[in-house]
Amino acid sequence: MDKKQHQQQQLSLTRSYRQRCNEWIFRDVPSDITIEVSGATFALHKFPLVSRSGRIRKLVAEHRDSDISKVELLNLPGGAAAFELAAKFCYGVNFEITSANVAQLCCVSDYLEMTEEFSKDNLGSRAEEYLQSIVCKSLEICVEVLQQCENLLPLADELKIVSSCIDAIASKTCAEQIASSFSRLEYSSSGRLHMNKQAKCEGDWWIEDISVLRIDLYQRVMAAMKCRGVRPESIGASLLNYAEKELTKKSSLWNSSSQTKVDLASGLSGHEQLVVETIVTLLPVEKLAVPISFLFGLLRSAVMLDCAVSCRLDLERRIGSQLDIATLDDLLIPSFRHAGDTLFDVDTVHRILVNFTQQNDSEDEMDDASLFEPDSPHSPCQTALLRVAKLVDNYLAEIAPDANLKLNKFLVIAETLPEHARTIHDGLYRAIDIFLKAHQSLSDTDRKKLCKLIDFQKLSQEAGAHAAQNERLPLQAMVQVLYFEQLRLRNSLCNSYADDDHKPAHQSLRISSGALSAAMSPRDNYASLRRENRELKLELARLRMRLNDLEKEHVCMKRQMQKSHSRKFMSSFSRRIGKFSFFGHISSRESTSPSKHSHRTDSRVIERACASTE
């Protein structure tokens, strides 16, 4: 049936071309050559074809002795429709060059060698002129021509039709972006010129236009835009729009709360895989250029479609660098690969956490002066750690009820973050309690491993009260809970006498809330040391200034003594020297309670000064 249908289609196509051909060829002159293109036949004349086409002229010249009457043109770009337009041009029939046929005319003119060498104002030069003067002036027309080039590759690329359109699109988008940026400039109340970030950016109207391109051409357009300096936010918005259009059949991938497993054999093809891998290579390097939910959507697609390992690792690295702004729904990546495994892909989340901690450690090794203000109570890195720790605890509580979740996977997620990341262990305790409830067959050894993760001193009063009565915890853990609860009770009693004695209150603060010291990361401790070091340097500078003043005074007095040699001056010298102290205090005889140590210090200074004068 397929062969018969194909033959019928070829016959109908041939009849339609014959009917149209009879309308514009010479009716009074019988045809002397038949051209066959893609199954369609054209009864034409040699003279008009030979006068314009160098290829047909060569074919006729090679078979002059045999009087050739039939020629088959193989692999002609554009097929029978493109040849019909070229034949009309040879016969002098007027037709309009448009964005829908200019790419075909450029390719068929090159194939038939319809250049200026064989005829003036030939089809090739006419099509090229239209391409440069009309097509490259409009972004929309360039996109239409690129769509026509999809079926004309690689010849359209060799003729630089594709590159010309891509360069024109990149130039137009860059110019539109600059114009829109100038329109957003305004003067502030102080008279300074600044960019209004709240104003809507109208320079990204091209996003919808280029989303109709095939993925290979779309990739080349995006690469050209990056080279021209188009904003990363605009590139990211275009990638998001293109992905939503091309992956609409996999809408469940973009539903972060979806927990249903997807059958890999149902309608999946290599096109979606190519789209995901290409979009990942086009992602801007700047953070926040695309929403993190979009990155997680791409990661779900990459896992489900079994994309290249490099593609998934790149997405995990990007997500890890901004994990502090992710949500719980983002982390809930369904496990697509194995039907009997866990509900969620725990391994992928673990790799994301490792990327986050490694990125955090690398920032710690950099110059701290360029990253954070030492006087701030918490560095930005510590703030991100606190957010991620809360996110991880919620994630552990969400995956804990899964009966297929192994203890080692739960532990590796909980232990990925450093100890100072959690200031309060209520969330971690809640997740462990849920895991113990769902896995009641755990041995005592495994229960102890879980409870070692919890610092019971960092539990709130409510969580501590719950843990003290939790029968699922090992006996050793319950003893620790009761011990710290007793300490908290004792410290609360000590706080009631804080007005009488400040020392117990200070100690109780340190004991009851161990979060104060534990919340400080190595980075914050280093900042605290820097502040203390700076204060010591200031104090040393003050001491130097006082010593310099003392030395100057001593030199001046010595000179006066050498001139006068009087004992009266010695007594005045003793009185003036006694007024100085290394720590800035002035001794006075009228002091109500002078210390013996200060008198000894002053007398020693006077004796040394007198000895030096002698």
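Residues numbered from 1 in each chain as written. Predicted model: local features only at pLDDT ≥ 70, side-chain atom pairs only at ≥ 80, totals over all residues. Heavy atoms only, no water.

Looking at an unreviewed UniProt entry, one finds the protein chain named Phototropic-responsive NPH3 family protein, with Tripterygium wilfordii as its source organism. In its Sequence similarities (unreviewed entry) section, UniProt records this for the protein chain: "Belongs to the NPH3 family." Per UniProt, the comment on the protein chain under Pathway (unreviewed entry) is "Protein modification; protein ubiquitination." (UniProt positions renumbered as here; feature names shortened; annotations may be inferred.)

This part is about the pairing of strand β2 (residues 40-44). β2 sits mainly inside the fold: four of its five residues count as buried. Here strand β1 (residues 33-37) runs beside β2; their pairing, made up of five bridges, is antiparallel. Bridge pairing in β2 links Thr-34 to Ala-43. Connecting β1 to the antiparallel partner β2 that follows it, the hairpin turn spans two residues, and Ser-38 within it adopts a positive phi of roughly 55°. (Buried < 20%, exposed > 50% of the residue type's maximum accessible area, 1.4 Å probe, protein only. Helix = DSSP H or I, 4+ residues; strand = E, 2+ residues; numbered from the N terminus. Pairing = 2+ DSSP bridges.)

Another point: the sheet that holds β2. Within the open sheet, the three strands sit side by side as β2-β1-β3. Their pairing is mixed. The sheet terminates laterally at β2 and β3 (70-72), the two strands that pair on one side only. Direction aside, neighbouring strands of the sheet carry axes that sit 20° apart on average. Packing against the sheet, helix α4 (residues 79-90) makes contact with β1 and β2, and its axis sits at approximately 15° to β2. (Axes fitted to C-alpha atoms, helices over the stretch in contact; angles between N-to-C directions. Contact = heavy atoms within 4.5 Å.)

As for its placement among the helices and strands, Gln-322 is situated in the loop between α15 (309-321) and α16 (328-331). Between the C-alpha atoms of Gln-322 and Asn-355, which are 33 residues apart in sequence, the distance is 10.0 Å. Leaving out residues up to four positions away in the same chain, Gln-322 has contacts with Leu-288, Ile-292 and Leu-295.

On inspection of all chains with the given rule, the structure shows 13 salt bridges. A salt bridge links Arg-220 to Asp-157, with the shortest nitrogen-to-oxygen separation between them at 2.9 Å. Taken together, the positions of Arg-220 in helix α11 (residues 215-228) and Asp-157 in helix α8 (residues 155-158) put the pair 63 residues apart, joining distant regions of the chain. With its nearest N and O atoms 3.9 Å apart, the salt bridge here joins Asp-324 to Arg-387. Pair noted here: Asp-324 is in the loop between α15 and α16 and Arg-387 is in helix α18 (residues 380-399), with a separation of 63 residues, a long-range link. Using a relative accessible area of 48% as the deciding quantity, one classes Arg-387 as partly exposed. Residues participating in the shared-partner salt-bridge network are Asp-314, Arg-317 and Arg-318. (Salt bridge = Lys/Arg side-chain N within 4 Å of Asp/Glu carboxyl O.)

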